[in-house]
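Breakdown of the fold
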Amino acid sequence: MYQVLKHNGCTIPEAGLNMIRFYSFYPWHDRRAYNHFEAPEEAEMLKWVKEFNKFDLYSKGDSIPDVAALKPYYQSLLEKYGLGGKLRW
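Read on for an overview of the structure. (Residues numbered from 1 in each chain as written. Predicted model: local features only at pLDDT ≥ 70, side-chain atom pairs only at ≥ 80, totals over all residues. Heavy atoms only, no water.)

Inspection of every chain in the model, using the stated rule, returns five aromatic pairs. With a centroid separation of 4.9 Å and 80° between ring planes, the pair formed by Y73 and Y74 is classed as edge-to-face. For Y73, a relative accessible area of 48% corresponds to the partly exposed category. Ring pairing ties together the aromatic residues F22, F25, W28 and Y34, which thus form one cluster. (Phe/Tyr/Trp six-rings, centres within 6.5 Å; stacked < 30°, edge-to-face > 60°. Buried < 20%, exposed > 50% of the residue type's maximum accessible area, 1.4 Å probe, protein only.)

Now for the nonpolar core. Core analysis: the largest hydrophobic core is formed by five residues, namely Y2, L5, C10, L17 and L83. Setting aside anything within four residues of it in sequence, one finds Y2 in contact with E14, L17, N18, I20 and R21. (Core = buried A, V, L, I, M, F, W, Y, C linked by side-chain atoms within 4.5 Å. Contact = heavy atoms within 4.5 Å.)

So, on to the packing of helix α2 (residues 14-22) against helix α4 (residues 42-53). Any two packed helices are characterised by the angle at which their axes cross and by the distance between the axes. Close contact between α2 and α4 brings their axes to 9 Å; oriented N to C, the two are set at 65°. Helix-helix and strand crossings are classified by hand; for α2 and α4 the assignment is right-handed. Touching N18, M19, I20 and F22 of α2 are M45, W48, V49 and F52, all from α4. Across the contact of α2 with α4, the residue classes tally to seven nonpolar, one polar and no charged. (Axes fitted to C-alpha atoms, helices over the stretch in contact; angles between N-to-C directions. Helix = DSSP H or I, 4+ residues; strand = E, 2+ residues; numbered from the N terminus. Left-handed = near helix turned anticlockwise from the far one by under 90°. Nonpolar A, V, L, I, M, F, W, Y, C, P; charged D, E, K, R; others polar.)

If you want it as structure tokens, here you go:
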């Protein structure tokens, strides 16, 4: 997803893109594996990745979302961050 967003000129700030890029890398942010490869500036990034992880897809409820009701909200976010049209994959 990170590469798709970057390739399509997304204007989400780099910190937000890093949350998307690294949230699935559980060994790093959850178990602190590979921390010997970290650069000093990645400590701040780790804080935000852990915060983003609280909203992980697997932590949602069992109810099925109303797509039609949610679409305007997500469409406005896509437009805000420069992704209102079709994405190049």
